[in-house]
Amino acid sequence: MVQAGRIAMALLSIAVMSSIDAVQASIFPDGGDLCVGRYQTTAPQPRPDQRDLLSAMVDIELSDEVETVGEAIAALLENSGYRLSPNPSPSCQEELFELPLPAVHRRLGPLTLRQALEVLSGPAYRPAMDAVRRRVSFERVPMSKLNAEKACDCE
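Reading guide: rules and limits
- Residues numbered from 1 in each chain as written.
- Predicted model: local features only at pLDDT ≥ 70, side-chain atom pairs only at ≥ 80, totals over all residues.
- Heavy atoms only, no water.
- Salt bridge = Lys/Arg side-chain N within 4 Å of Asp/Glu carboxyl O.
- Buried < 20%, exposed > 50% of the residue type's maximum accessible area, 1.4 Å probe, protein only.
- Core = buried A, V, L, I, M, F, W, Y, C linked by side-chain atoms within 4.5 Å.
- Helix = DSSP H or I, 4+ residues; strand = E, 2+ residues; numbered from the N terminus.
- Contact = heavy atoms within 4.5 Å.
- Arc of directions from axis to C-beta.

**Considerations on the pattern of salt bridges**
One pass over the full model with this rule turns up 5 salt bridges. A salt bridge links Arg 47 to Asp 49, with the shortest nitrogen-to-oxygen separation between them at 3.1 Å. Residue classification places Arg 47 among the partly exposed positions, given a relative accessible area of 47%. Its relative accessible area of 24% is what places Asp 49 among the partly exposed residues. Asp 130 is the salt-bridge partner of Arg 133, the closest N and O atoms lying 3.2 Å from each other.

**Some points on the nonpolar core**
In terms of nonpolar packing, the biggest core is built from 24 residues, with Ile 73, Leu 76 and Leu 117 touching the most fellow members. Mapped by element, the contributors of at least two residues to this core are strand S3 (57-61), helix H3 (69-77), helix H4 (92-98), strand S5 (107-112), helix H5 (113-121) and strand S7 (135-140). Beyond its immediate sequence surroundings of up to four residues, Ile 73 is in contact with Leu 84, Leu 96, Phe 97, Leu 117, Leu 120 and Phe 138.

**Concerning H3**
Buried within H3 we find Val 69, Gly 70, Ala 72, Ile 73, Leu 76 and Leu 77. Taken end-on, H3 shows its buried residues confined to a sector of 160°, consistent with a single buried face. Packing partners of the buried residues in H3 comprise S3, strand S4 (83-84), H4, H5 and S7. Once H3 finishes, Asn 79 follows within two positions and takes phi at roughly 65°, a positive value.

**Considering the side chain of Ser 137**
Among the secondary structure elements, Ser 137 is positioned in strand S7. Not counting chain neighbours up to four residues away, the residues in contact with Ser 137 comprise Ser 85, Gln 93, Arg 126, Pro 127 and Ala 128.

Below is the structure:
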């Protein structure tokens with residue numbers, strides 16, 4: 001009787017293992033989906049913010065030590081994978097970096113990194129991204145698109 005019980009248990013475990021293999025084969029036919037729960041699978045793909053670093057969500061509160069727009073941009077880019085362009089082509093970029101940081105910009109987010117850079121630069125500048133070198137610089141928006149009194153000296 002004990003022998004028959006052992007045989008039955010062995011057959012049951014073989015049946016269970018083969019049914020698990022059949023279920024896994026249907027869930028993972030090409031190795032594409034991963035099991036993330038008992039009844040959930042997901043395709044192993046990078047998140048959008050992993051593909052496009054500038055679409056990563058940021059939620060940052062800048063300390064009182066950050067006084068200029070340039071310091072705020074540097075703090076925002078920290079750990080983003082992007083950095084400021086070492087040789088800014090337009091000299092107007094330096095004007096932007098020296099501007100005092102508005103109090104309303106001390107707390108940014110949740111926004112994408114791209115949106116946060118646009119907020120910090122304001123309507124007179126636009127971020128220019130170099131995706132190859134992962135560098136950010138800022139360009140002056142043409143005067144025709146702004147209601148400004150005089151042109152920038154660097155144009």
